[in-house]
Amino acid sequence: MVLLHVLFEHAVGYALLALKEVEEISLLQPQVEESVLNLGKFHNIVRLVAFCPFASSQVALENANAVSEGVVHEDLRLLLETHLPSKKKKVLLGVGDPKIGAAIQEELGYNCQTGGVIAEILRGVRLHFHNLVKGLTDLSACKAQLGLGHSYSRAKVKFNVNRVDNMIIQSISLLDQLDKDINTFSMRVREWYGYHFPELVKIINDNATYCRLAQFIGNRRELNEEKLEKLEELTMDGAKAKAILDASRSSMGMDISAIDLINIESFSSRVVSLSEYRQSLHTYLRSKMSQVAPSLSALIGEAVGARLIAHAGSLTNLAKYPASTVQILGAEKALFRALKTRGNTPKYGLIFHSTFIGRAAAKNKGRISRYLANKCSIASRIDCFSEVPTSVFGEKLREQVEERLSFYETGEIPRKNLDVMKEAMVQAEEAAAEITRKLEKQEKKRLKKEKKRLAALALASSENSSSTPEECEETSEKPKKKKKQKPQEVPQENGMEDPSISFSKPKKKKSFSKEELMSSDLEETAGSTSLPKRKKSSPKEETVNDPEEAGHRSGSKKKRKFSKEEPVSSGPEEAAGKSSSKKKKKFHKASQED
C-alpha cells in the first residue's frame, strides 16, 4: 500500500504529516471534507510525523522565497530525506504548490500529488495547525504569519531608489499638462493685453517673452528711450526692441485703467513663473532619464522615451513589449479603427515625435519607424536589466539608425549589427568599470565622513563625562579650603578686635542677671553671680589661649557682626578683663535700681 504524506509550509516551519487509510480517503472525499472541521475526527485521519521550525525570521524568508520560486531549500531537503521512508516508490507526497512538487520530484525522486483530497487535507492542517504542534498557540502562529508576510512583501517590492520610473511617469504627465496650461494662459494674456497694445502680438511670437514684456511695459504711454536696454534684454533682439518702442508711440489700442494693468501684470507674472517651473521640470526629467533609461534617452530623446515609459506603465513593461507593439504605441485608436474598417494600419505612434521619422522621405517613413522601434525595444531591455546603466549602447544604436537613414538616401551600406555590438560591449565594460570606481570613491568618502562624525561625537561625550567628575571634585574642594582658611583668619581678627565689639556677648546675658536679682536678695545674688563669672571667665581664657578652638567655635558668629576696619584691641587677656569689669558695673546699677 502506498504511504501518503502531506507537506505543509507554515511561517514557523515545515510540517510533515502522515495520513491513515489512504485508499479509503481517496474514495471518500466528502467524508474528508466533513471531518476537516472536527478536530477529533481530523486527528483520526492525520498524524504529525515531523516538524522543522525555522531558526530565525531571515531563514523563514529565505524558505518562503525558495518555495515561491519552486526551489528546494536545504532545510526542506533535510526534512524530507530524514523523515520519509527510504523506499521512494512506496511514498506519495502531497504538496499544495505544483511548482515545488515538480522540483521535489526532480531532485529527490518522490512522487508528488496536488489538488483533490490533498487540498482538503491541507485546509484542515491550516485550520488545526496550532493544535497539531505542541507549544504553538494560535496567537503566536498569527504573529509569525504577519511578520513573514510583511518581510516577504518588502523583499518583493525592493528596488533601487535611483532607478524609479514612477517619477518619470509623473514628470512627463505634469510636463504635458503644463504645456497645455501655459498655452491657454498665454492666449488669455495676449487677448487681455491686446486691447491696450495690439501691435505687440505681431512682433513677439513666444508666449513666455510676451508675458514678460506685458509685465514690464504696463502702460504703453510710459515706454520711452530709457527702457530700450531692458527691452533688448527681454527680447534678445535690438531690432524687435526698437519696433516695440515705435509701435507703442503709434498704437491703435485703447486706454486702460491702473487697476486693470495691475491685474494683467499679476496674471502675466504667474504665467512667467509657470514657464520657469516648466524649464526646471524638464531639467529634472532629463536627469532622471539619464539615471533610469540612459540608452533609450540617448537613442530617441528624453521626452519621447519618457512618453513611451509612461504609456507602457513602467520600464519593465516596455522591455517586455515586442518591437511591433513599440512601433504603434500611442496609436491604438487608429489601429483598431483600421482593423474595423479594414483600412491601412498606422505606421508609427509616439515614436513619430523623434527626429528620425521627420528626416526620412515619405516613402521611407514606415521602414525607418519599424527599424527605430526595433532599436528602442533593445535599448529598453538593456536599461531595464543591466546592473550598471550606461548610455554607450544607446549611442551605438543611434549611430546605426543614422547609417540606415543614409542608406535609404544614398545607398551606402551600413555596418553589421554584430560588429557594432562588439564595439559597444568593450566600451560599456570600460564605462561600467569607471562608474563603479566613482561609486566606490563616493562610498569611501561617505564612510570617512561618517567615521569622523562618530569620532567627534565620542570625543565630545568623553569630554562631558570627564568634566562632570572634575566639577564635582572642584565643588567639594572649595568648601574644604574655606574651612582651612577660617581658623587662620579668626585669631587675627580676635586679636585686632575693638573693645566695644567684645561687649556684644555680655549684652545677651542681661536678662539672665536680672532674673537672678529679682528672684533672690542682693547679698545672695552677689555671691551667686560671682561664681558663674569665674566659671565663665575660665573657659574664655582657655579659648583665647587656644586660638584654633576659639576660631572654630566663635569665628563664624563674630565674622557676621564685626567689620575689619575697626580699631585694634590690646589682646585677648585685656579684652577678657574689661568685659568682667563692665559686667560688675552693670550689676551694681541693677542692684541700686532694685
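Each value, and the rule that gives it
- Residues numbered from 1 in each chain as written.
- Predicted model: local features only at pLDDT ≥ 70, side-chain atom pairs only at ≥ 80, totals over all residues.
- Heavy atoms only, no water.
- Helix = DSSP H or I, 4+ residues; strand = E, 2+ residues; numbered from the N terminus.
- Buried < 20%, exposed > 50% of the residue type's maximum accessible area, 1.4 Å probe, protein only.
- Contact = heavy atoms within 4.5 Å.
- Areas by Shrake-Rupley, 256 points an atom, 1.4 Å probe, with all protein chains shown as cover.
- Phe/Tyr/Trp six-rings, centres within 6.5 Å; stacked < 30°, edge-to-face > 60°.
- Lys NZ or Arg CZ within 6 Å of the ring centre and 35° of its normal.
- Salt bridge = Lys/Arg side-chain N within 4 Å of Asp/Glu carboxyl O.
- Pairing = 2+ DSSP bridges.
- Axes fitted to C-alpha atoms, helices over the stretch in contact; angles between N-to-C directions.
- Parallel < 35°, antiparallel > 145°, perpendicular 65-115°, else oblique.
- Nonpolar A, V, L, I, M, F, W, Y, C, P; charged D, E, K, R; others polar.
- Arc of directions from axis to C-beta.
- UniProt positions renumbered as here; feature names shortened; annotations may be inferred.
- Left-handed = near helix turned anticlockwise from the far one by under 90°.
- Patch = residues over 30% accessible without salt bridge, like charges linked within 9 Å, V, L, I, M, F, W, Y side chains within 5 Å.
- Lys, Arg positive; Asp, Glu negative; His and termini not counted.
- Charge placed at Lys NZ, Arg CZ, Asp CG, Glu CD.
- Polar contact = N/O pair within 3.5 Å; in protein donor to acceptor, adjacent residues only side chain to side chain.
- Core = buried A, V, L, I, M, F, W, Y, C linked by side-chain atoms within 4.5 Å.
- Domains from an automatic or database assignment.

## A few points about the overall build of the protein chain
Alright, step 1. Within the protein chain, the regular secondary structure consists of 30 helices and five strands.
Alright, step 2. The buried share among the 594 residues of the protein chain stands at 34%.
Alright, step 3. Contacts in the protein chain between residues far apart in sequence, at least 24 positions, make up 69% of those at least 6 positions apart.
Alright, step 4. For the protein chain, the exposed surface amounts to about 36800 Å²; the carbon and sulfur share of it is 54%.

## Re the packing of aromatic side chains
Alright, step 1. Taken as a whole, this structure holds eight aromatic pairs when the rule is applied.
Alright, step 2. Their ring planes at 65° and their centres at 6.4 Å tell us that Tyr193 and Phe197 sit as a pair that is edge-to-face.
Alright, step 3. Between the aromatic rings of Phe407 and Tyr408, the centroid separation amounts to 5.9 Å while the plane-to-plane angle is 45°, which identifies the pairing as tilted.
Alright, step 4. Ring pairs connect the aromatic residues Phe8, Phe51 and Phe129, which therefore count as one cluster.
Alright, step 5. When the ring centre of Phe216 is taken as origin, the NZ or CZ atom of Lys227, which lies over that ring, is 5.9 Å away.

## Focus on unusual backbone geometry
For residues other than glycine, phi is negative in most cases, and the peptide bonds are mostly trans.
Alright, step 1. The phi torsion at Met236 lies on the positive side, around 60°, for a residue other than glycine.
Alright, step 2. Looking at the secondary structure, you find Met236 in the loop between α13 (228-235) and α14 (238-249).
Alright, step 3. One non-glycine residue, Arg342, lies in the positive phi region at around 60°.
Alright, step 4. Relative to the assigned elements, Arg342 resides in the loop between α20 (332-341) and α21 (355-359).
Alright, step 5. On the basis of relative accessibility, which here comes to 79%, the residue Arg342 falls in the exposed class.

## Considering the pattern of salt bridges
Alright, step 1. Scanning the entire structure with this criterion turns up 18 salt bridges.
Alright, step 2. One salt bridge connects Asp255 with Arg221, and the closest N-O pair in it is separated by 2.8 Å. Remark: Arg221 occurs in the loop between α12 (207-217) and α13 and Asp255 occurs in the loop between α14 and α15 (258-292); sequence separation between them is 34 residues.
Alright, step 3. Among the salt bridges present, the one from Arg415 reaches Glu399, with a minimum N-O distance of 3.1 Å. Here the residue Arg415 occupies a position in the loop between α23 (392-410) and α24 (417-495), and Glu399 occupies one in helix α23, the gap between them amounting to 16 residues.
Alright, step 4. What emerges from the salt-bridge pattern is a single network uniting Lys396, Glu399, Glu403, Arg415 and Glu423.

## Quick word on the environment of Arg398
Alright, step 1. The residue Arg398 is located in helix α23 in this model.
Alright, step 2. For the pair Arg398 and Ser295, spaced 103 residues apart in sequence, the C-alpha separation works out to 9.3 Å.
Alright, step 3. Excluding residues that lie within four positions of it along the chain, Arg398 makes contacts with Ala298, Leu299, Ile300, Thr355 and Phe356.

## Digging into the sheet that holds strand β4 (residues 91-94)
Alright, step 1. What the five strands build is an open sheet, ordered β3-β2-β1-β4-β5; its pairing is mixed. Edge positions in the sheet fall to β3 (46-53) and β5 (111-113), since each has one partner strand and no second. Shown here is a sheet whose adjacent strand axes are inclined to one another by a mean of 25°, direction ignored.
Alright, step 2. Judged from the five bridges that link them, strand β1 (residues 3-9) and strand β2 (residues 13-19) form a sheet pairing that is antiparallel. Looking across to β2, one finds that Phe8 is bridged to Ala15.
Alright, step 3. On the sheet, helix α6 (residues 98-107) packs against β1, β4 and β5 and is oriented at approximately 170° with respect to β5.
Alright, step 4. On top of the sheet, helix α7 (residues 117-127) reaches β1, β2, β3, β4 and β5; it is set at about 50° to β1, its chief contact.

## Examining the packing of helix α22 (residues 365-385) against α23
Geometrically, a packed helix pair is captured by the angle between its two axes and the distance between the axes.
Alright, step 1. Interaxial distance between α22 and α23 falls to 10 Å at its minimum, and their mutual angle equals 170°. The angle between α22 and α23 falls in the class roughly antiparallel. Note on element contacts: α23 touches α22 through Phe393, Leu397, Gln400, Val401, Arg404, Leu405 and Tyr408, opposite Arg367, Ile368, Tyr371, Leu372, Lys375, Ile378, Ala379 and Ile382.
Alright, step 2. Across the contact of α22 with α23, the residue classes tally to eleven nonpolar, one polar and three charged.

## Side note on α6
Alright, step 1. All of the buried residues in α6 are Ile100, Gly101, Ala103 and Ile104. Along the axis of α6, the buried positions cluster into a sector of 165°, meaning they face one direction only. Those residues of α6 that are exposed and aimed more than 90 degrees away from the buried face are Pro98 and Glu106.
Alright, step 2. Along its buried surface, α6 packs onto β1, α4 (57-69), α5 (74-83), β4 and β5.
Alright, step 3. Just beyond α6, the residue with positive phi is Gly109, at close to 90°.

## Points about the UniProt feature "coiled-coil region" (unreviewed entry) in the protein chain
Alright, step 1. Under the UniProt annotation, "coiled-coil region" (unreviewed entry) lies at residues 418-457.
Alright, step 2. As a span, residues 418-457 carries 100% helix and 0% strand, and end to end its C-alpha atoms are 57 Å apart.

## Points about the packing of helix α10 (residues 166-194) against α15
Alright, step 1. Running from amino to carboxyl end, α10 crosses α15 at an angle of 155°, the nearest separation of the two axes being 9 Å. Compared by their axis directions, α10 and α15 come out roughly antiparallel. Between α10 and α15 lies a crossing whose hand is left-handed.

## Focus: a negative patch on the surface
Alright, step 1. A cluster of acidic residues, Glu229, Glu232, Glu233 and Asp237, forms a negative patch at the surface.
Alright, step 2. For Asp237, the location among the structural elements is in the loop between α13 and α14.

## Section: the side chain of Thr235
Alright, step 1. Assignment of secondary structure puts Thr235 in helix α13.
Alright, step 2. Take Thr235: its relative accessible area is 11%, and that puts it in the buried class.
Alright, step 3. Within the structure, the side chain of Thr235 is placed 2.7 Å from the backbone oxygen of Leu231, a separation counted as a polar contact.
Alright, step 4. Each residue touching Thr235, except ones within four places of it in the same chain, is listed here: Ile204, Thr209, Leu213, Lys240, Ala241 and Ile244.

## Here's the deal with the pairing of β1
In the case of a regular strand, side chains alternate between the two sheet surfaces.
Alright, step 1. In terms of burial, β1 is a largely internal element, five of the seven residues being buried.
Alright, step 2. Of the pairings in the sheet, the one linking β1 to β4 comprises four bridges and is parallel in character. Bridge assignment links Val6 to a residue of β4, and that residue is Gly94.

## Digging into the nonpolar core
Alright, step 1. In terms of nonpolar packing, the biggest core is built from 43 residues, with Leu296, Leu299, Ile300, Ile309, Leu318 and Leu372 touching the most fellow members.
Alright, step 2. Counting contributing residues, this core receives three or more from each of domain 2 (166-281) and domain 3 (293-435).
Alright, step 3. Excluding residues that lie within four positions of it along the chain, Leu318 makes contacts with Leu296, Leu308, Ile309, Ala312, Val326, Leu329 and Ser380.
Alright, step 4. Grouped together as the second largest cluster of nonpolar side chains are 23 residues, Leu7, Leu16, Val91 and Ile100 included.

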